[in-house]
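Tertiary structure, described
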Amino acid sequence: MTARTTTSRRGAAYFPRLAAERLDIALCRASAAVARVADTRAAELGIGVGQHLVLKMLAAVGPSSQRLLGEELRIDRSVMVGICDSLERAGHVRREPAPGDRRAYAVTLTDSGRALLARAEEATPAFLDETFDGLTTEERDQLSSLLGKLLDAGARRPGEDVQP
(Lines give C-alpha, C1' and ligand atoms only; values in the text may rest on other atoms or scores of the structure.)
Protein backbone atom coordinates (compact mmCIF):
# COMPACT_ATOMS: atom_id res chain seq x y z
CA MET A 1 0.00 0.00 0.00
CA THR A 2 2.82 2.40 0.83
CA ALA A 3 4.49 1.75 -2.53
CA ARG A 4 1.27 2.59 -4.36
CA THR A 5 0.94 5.92 -2.48
CA THR A 6 4.56 6.79 -3.23
CA THR A 7 4.05 5.99 -6.92
CA SER A 8 0.88 8.09 -7.00
CA ARG A 9 2.69 11.03 -5.47
CA ARG A 10 5.56 10.72 -7.92
CA GLY A 11 3.10 10.41 -10.80
CA ALA A 12 1.15 13.43 -9.59
CA ALA A 13 4.33 15.50 -9.60
CA TYR A 14 5.10 14.55 -13.20
CA PHE A 15 2.56 16.73 -15.03
CA PRO A 16 3.99 20.09 -13.92
CA ARG A 17 7.39 19.00 -15.26
CA LEU A 18 5.81 17.82 -18.50
CA ALA A 19 3.90 21.08 -18.89
CA ALA A 20 7.11 23.07 -18.37
CA GLU A 21 8.86 21.03 -21.07
CA ARG A 22 5.92 20.84 -23.50
CA LEU A 23 4.03 24.11 -23.78
CA ASP A 24 1.76 22.53 -26.38
CA ILE A 25 0.59 19.91 -23.86
CA ALA A 26 0.10 22.53 -21.14
CA LEU A 27 -1.89 24.77 -23.47
CA CYS A 28 -4.06 21.89 -24.70
CA ARG A 29 -4.86 20.76 -21.16
CA ALA A 30 -5.54 24.31 -19.96
CA SER A 31 -7.73 24.96 -22.99
CA ALA A 32 -9.69 21.75 -22.43
CA ALA A 33 -10.25 22.61 -18.77
CA VAL A 34 -11.48 26.12 -19.58
CA ALA A 35 -13.66 24.77 -22.43
CA ARG A 36 -15.35 22.28 -20.10
CA VAL A 37 -16.25 25.04 -17.63
CA ALA A 38 -17.33 27.37 -20.45
CA ASP A 39 -19.56 24.68 -21.97
CA THR A 40 -21.17 24.00 -18.59
CA ARG A 41 -21.81 27.69 -17.93
CA ALA A 42 -23.11 28.29 -21.43
CA ALA A 43 -25.48 25.32 -21.15
CA GLU A 44 -26.87 26.80 -17.93
CA LEU A 45 -27.84 29.85 -20.00
CA GLY A 46 -29.28 27.74 -22.82
CA ILE A 47 -26.56 28.63 -25.31
CA GLY A 48 -23.48 26.86 -26.63
CA VAL A 49 -20.08 28.51 -26.69
CA GLY A 50 -20.06 28.47 -30.49
CA GLN A 51 -23.55 29.98 -30.55
CA HIS A 52 -22.41 32.71 -28.17
CA LEU A 53 -19.47 33.55 -30.44
CA VAL A 54 -21.70 33.71 -33.53
CA LEU A 55 -24.25 35.99 -31.82
CA LYS A 56 -21.46 38.20 -30.51
CA MET A 57 -19.90 38.60 -33.95
CA LEU A 58 -23.25 39.28 -35.62
CA ALA A 59 -23.99 41.97 -33.04
CA ALA A 60 -20.57 43.53 -33.64
CA VAL A 61 -20.33 43.41 -37.43
CA GLY A 62 -23.88 42.87 -38.69
CA PRO A 63 -25.21 40.24 -41.10
CA SER A 64 -22.48 37.87 -42.26
CA SER A 65 -22.18 34.74 -44.35
CA GLN A 66 -21.61 31.42 -42.61
CA ARG A 67 -18.27 31.26 -44.43
CA LEU A 68 -17.12 34.57 -42.98
CA LEU A 69 -18.38 33.64 -39.50
CA GLY A 70 -16.44 30.39 -39.66
CA GLU A 71 -13.26 32.04 -40.91
CA GLU A 72 -13.32 34.87 -38.39
CA LEU A 73 -14.29 32.69 -35.42
CA ARG A 74 -12.05 29.82 -36.56
CA ILE A 75 -14.89 27.33 -36.50
CA ASP A 76 -14.94 24.51 -39.05
CA ARG A 77 -17.62 25.03 -41.69
CA SER A 78 -19.39 21.74 -40.91
CA VAL A 79 -19.69 22.81 -37.26
CA MET A 80 -20.80 26.30 -38.29
CA VAL A 81 -23.73 24.87 -40.26
CA GLY A 82 -25.00 23.11 -37.14
CA ILE A 83 -24.55 26.23 -35.01
CA CYS A 84 -26.47 28.39 -37.45
CA ASP A 85 -29.16 25.72 -37.90
CA SER A 86 -29.78 25.54 -34.15
CA LEU A 87 -29.77 29.33 -33.75
CA GLU A 88 -32.22 29.66 -36.63
CA ARG A 89 -34.55 26.94 -35.27
CA ALA A 90 -34.63 28.78 -31.93
CA GLY A 91 -35.39 32.09 -33.67
CA HIS A 92 -32.12 33.77 -32.62
CA VAL A 93 -30.92 34.34 -36.20
CA ARG A 94 -32.42 34.22 -39.64
CA ARG A 95 -30.81 33.48 -42.97
CA GLU A 96 -31.54 35.84 -45.82
CA PRO A 97 -30.23 35.94 -49.37
CA ALA A 98 -26.93 37.82 -49.39
CA PRO A 99 -27.00 41.03 -51.36
CA GLY A 100 -25.02 40.57 -54.55
CA ASP A 101 -24.58 36.80 -54.28
CA ARG A 102 -27.61 34.60 -54.98
CA ARG A 103 -25.70 31.48 -53.88
CA ALA A 104 -24.94 32.78 -50.37
CA TYR A 105 -27.00 33.62 -47.33
CA ALA A 106 -26.42 36.31 -44.77
CA VAL A 107 -26.98 35.28 -41.17
CA THR A 108 -28.82 38.06 -39.34
CA LEU A 109 -29.31 38.53 -35.61
CA THR A 110 -32.92 38.72 -34.39
CA ASP A 111 -34.32 40.44 -31.30
CA SER A 112 -34.45 37.06 -29.59
CA GLY A 113 -30.78 36.53 -30.42
CA ARG A 114 -29.90 39.96 -29.01
CA ALA A 115 -31.71 39.09 -25.76
CA LEU A 116 -29.91 35.75 -25.47
CA LEU A 117 -26.58 37.42 -26.21
CA ALA A 118 -27.23 40.04 -23.52
CA ARG A 119 -27.82 37.31 -20.91
CA ALA A 120 -24.69 35.44 -21.98
CA GLU A 121 -22.58 38.61 -21.96
CA GLU A 122 -23.88 39.53 -18.52
CA ALA A 123 -22.64 36.19 -17.16
CA THR A 124 -19.23 36.35 -18.86
CA PRO A 125 -17.30 38.59 -16.40
CA ALA A 126 -18.11 36.35 -13.41
CA PHE A 127 -17.13 33.26 -15.43
CA LEU A 128 -13.81 34.85 -16.41
CA ASP A 129 -13.09 36.00 -12.86
CA GLU A 130 -13.74 32.51 -11.47
CA THR A 131 -11.84 30.73 -14.24
CA PHE A 132 -8.75 32.92 -14.07
CA ASP A 133 -8.78 33.79 -10.37
CA GLY A 134 -5.27 32.34 -9.98
CA LEU A 135 -3.85 35.06 -12.23
CA THR A 136 -3.30 38.71 -11.45
CA THR A 137 -4.71 41.36 -13.77
CA GLU A 138 -1.25 41.82 -15.26
CA GLU A 139 -0.87 38.07 -15.81
CA ARG A 140 -4.28 37.90 -17.50
CA ASP A 141 -3.25 40.75 -19.79
CA GLN A 142 0.02 38.98 -20.56
CA LEU A 143 -1.77 35.69 -21.23
CA SER A 144 -4.21 37.45 -23.53
CA SER A 145 -1.38 39.08 -25.44
CA LEU A 146 0.57 35.83 -25.81
CA LEU A 147 -2.49 33.86 -26.91
CA GLY A 148 -3.27 36.60 -29.42
CA LYS A 149 0.20 36.19 -30.91
CA LEU A 150 -0.25 32.42 -31.16
CA LEU A 151 -3.65 32.80 -32.79
CA ASP A 152 -2.35 35.41 -35.23
CA ALA A 153 0.44 33.05 -36.26
CA GLY A 154 -2.09 30.23 -36.62
CA ALA A 155 -4.37 32.42 -38.76
CA ARG A 156 -1.54 32.68 -41.29
CA ARG A 157 -1.51 28.87 -41.61
CA PRO A 158 -4.38 27.70 -43.83
CA GLY A 159 -6.60 24.83 -42.80
CA GLU A 160 -6.16 25.13 -39.03
CA ASP A 161 -9.71 25.61 -37.85
CA VAL A 162 -10.47 25.08 -34.19
CA GLN A 163 -13.65 23.67 -32.73
CA PRO A 164 -15.81 25.84 -30.49
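Just so you know, these numbers come straight off a predicted model, no measurement behind them.

This model, assessed by the stated rule, comprises eight salt bridges. One salt bridge in this structure joins Arg 140 and Asp 129, with 3.1 Å as the shortest N-O distance. With Arg 140 in helix H7 (residues 137-155) and Asp 129 in helix H6 (residues 111-131), the pair connects residues that are eleven residues apart, well separated along the chain. Taking the relative accessible area as the measure of exposure, Arg 140 reaches 27% and is therefore partly exposed. Given a relative accessible area of 44%, Asp 129 falls into the partly exposed group.

Looking now at helix H4 (residues 66-73). Among all positions in H4, only Leu 69, Gly 70 and Leu 73 are buried. Mapping the buried residues of H4 onto a view down its axis gives an arc of 95 degrees, with all of them on the same face. Residues of H4 that are buried sit in contact with helix H3 (49-61), strand S1 (64-65), helix H5 (77-89) and strand S3 (101-109). Note on H4: the residue one or two positions beyond its end, Arg 74, has a positive phi of about 60 degrees.

The rules we used
Residue numbers restart at each chain and count upward from 1, following the sequence in its written direction. With the structure being a predicted model, the display of local features is reserved for residues of pLDDT at least 70 and the display and counting of side-chain atom pairs for 80 or more, all residues being used for whole-chain, interface and lining totals. Values shown for side chains rest on all heavy atoms present in the structure; no hydrogens or waters enter the calculation. The working definition used for a salt bridge is a side-chain nitrogen of Lys or Arg within 4 Å of a carboxyl oxygen of Asp or Glu. In this description a helix means any DSSP run of H or I spanning at least four residues, a strand means any run of E spanning at least two, and both kinds are numbered starting from the N terminus. For every residue, the accessible area (1.4 Å probe, protein chains only) is compared with the maximum for its type, and the residue is labelled buried under 20%, exposed over 50%, or partly exposed between those bounds. Directions drawn from the helix axis to the C-beta atoms are what define this arc. Throughout, a residue-residue contact means that at least one pair of heavy atoms, one from each residue, lies within 4.5 Å.

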